[in-house]
Amino acid sequence: MIHDAELFTVGPDEVVVTFRTDDEREVATTVGDHAVVTVGRYHSARVTGLEPGCEYALAVEGAEPGPLLPDRVTTIPSAPGRRLATVATVNDVHFGETRCGLLGTP
């Protein structure tokens, strides 16, 4: 069974979908004619090679479309002109944390 399927990011030439399964398994994610198979319990399917500004059908094998997983996605149009800069951001990095996922008072 597929849980928490979500269209995570959309770029000019790629789409990323995340989800989890009850056990280790292979799951196909399809965007138009492009497909990626992920394996495990936690999945991050990065589908690349898409055309900018185009609409594609979106499907995760075994998952129903919903508010977080639409059945169609449109890639972002390419920006006009030449690239002037690249910007990267990072947040919630937990510098100095010695245990991951610990909730509540230790």
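Scroll up a little and you will see the structure.
Everything numeric in this text was worked out from a predicted model, so none of it was measured.

Draft legend 1. Expanded view of the pairing of strand β2 (residues 14-31). Both strand β1 (residues 2-10) and β2 contribute to a ladder of 6 bridges, which runs antiparallel. Note on β2: the bridge partner recorded for Val 10 is Val 15. Counting the residues that bridge the hairpin from β1 to β2 gives 3 residues. As paired elements, β2 and strand β3 (residues 34-48) share 14 bridges and run antiparallel to each other. Each residue of the ladder has a partner; that of Val 17, found in β3, is Ala 45.

Draft legend 2. Looking closely at the nonpolar core. One finds Val 17, Phe 19, Val 31, Val 60 and Leu 69 to be the most contacted residues of the largest nonpolar core, which totals 15 residues. Of all the secondary-structure elements, those providing two or more residues to this core are β1, β2 and β4 (55-60). Considering each element in turn, this core owes the most residues, 5 residues, to β2. Ignoring anything within four residues of it in the chain, the contact list for Val 31 reads Val 15, Val 47, Leu 50, Tyr 56, Ala 57, Leu 58 and Val 73.

Draft legend 3. Spotlight on the pairing of β4. In β4, alternate side chains face the same way, and those of Tyr 56, Leu 58 and Val 60 are buried while those of Glu 55, Ala 57 and Ala 59 on the opposite face are not. By the bridge criterion, 3 bridges tie β4 to strand β5 (residues 72-74) in an arrangement that is antiparallel. Within the sheet, the bridge partner assigned to Glu 55 lies in β5 and is Thr 74.

Draft legend 4. How the structure looks around the environment of Arg 83. By secondary structure assignment, the location of Arg 83 is in the segment after β5. Among the residues examined, Arg 83 registers a relative accessible area of 66% and is labelled exposed. Polar contacts involving the side chain of Arg 83 include one to the side chain of Thr 86, which spans 3.3 Å.

Draft legend 5. Representation of a nonpolar patch on the surface in the model. The grouping of Val 90, Val 93 and Phe 95 at the surface amounts to a nonpolar patch, some 370 Å² of accessible area in total. Within the secondary structure, Phe 95 sits in the segment after β5. With relative accessibility at 77%, the residue Phe 95 sits in the exposed group.

Draft legend 6. A look at the environment of Cys 54. Summarising the element assignment, Cys 54 is placed in the loop between β3 and β4. Residues Cys 54 and Pro 12 lie 42 residues apart in sequence; the distance between their C-alpha atoms is 8.8 Å. Setting aside anything within four residues of it in sequence, one finds Cys 54 in contact with Val 73, Thr 74 and Thr 75.

Draft legend 7. Quick peek at the side chain of Thr 18. In this fold, Thr 18 is placed in strand β2. Taking the relative accessible area as the measure of exposure, Thr 18 reaches 18% and is therefore buried. Apart from the residues lying within four places of it in its own chain, the contact partners of Thr 18 are Asp 4, Ala 5, Glu 6, Phe 8, His 43 and Ser 44.

So, how was this worked out
- Along each chain, numbering runs from 1 in the same order as the chain's sequence is written.
- Residue-level local features of this predicted model are given only where pLDDT is at least 70; pairs of side-chain atoms are given and counted only at 80 or more, and the full residue set underlies all totals for whole chains, interfaces and linings.
- By convention in this description, side-chain values take in all heavy atoms of the structure and omit both hydrogens and water.
- Note: two strands are recorded as paired if DSSP finds a minimum of 2 bridges between them.
- Only runs of H or I of at least four residues qualify as helices and only runs of E of at least two qualify as strands under DSSP, and these elements are numbered from the N terminus.
- Here the nonpolar core consists of buried residues drawn from Ala, Val, Leu, Ile, Met, Phe, Trp, Tyr and Cys, with membership extended through side-chain atoms lying within 4.5 Å.
- Residue exposure (1.4 Å probe, protein chains only): buried if accessible area is under 20% of the type maximum, exposed if over 50%, otherwise partly exposed.
- Should any heavy atoms of two residues lie within 4.5 Å, those residues are counted as being in contact.
- Here a polar contact is recorded for every N or O atom pair within 3.5 Å, except that within protein the pair must consist of a potential hydrogen donor and a potential acceptor, and residues adjacent in sequence are included only if both atoms are side-chain atoms.
- Nonpolar side chains (Val, Leu, Ile, Met, Phe, Trp, Tyr) are joined into patches within 5 Å and like charges within 9 Å, using only residues with over 30% relative accessible area and no salt bridge.
- To measure how exposed things are, a 1.4 Å probe is used in the Shrake-Rupley method; for residues, cover is taken only from the protein chains shown.
- When a carboxyl oxygen of Asp or Glu lies within 4 Å of a side-chain nitrogen of Lys or Arg, that pair is called a salt bridge.

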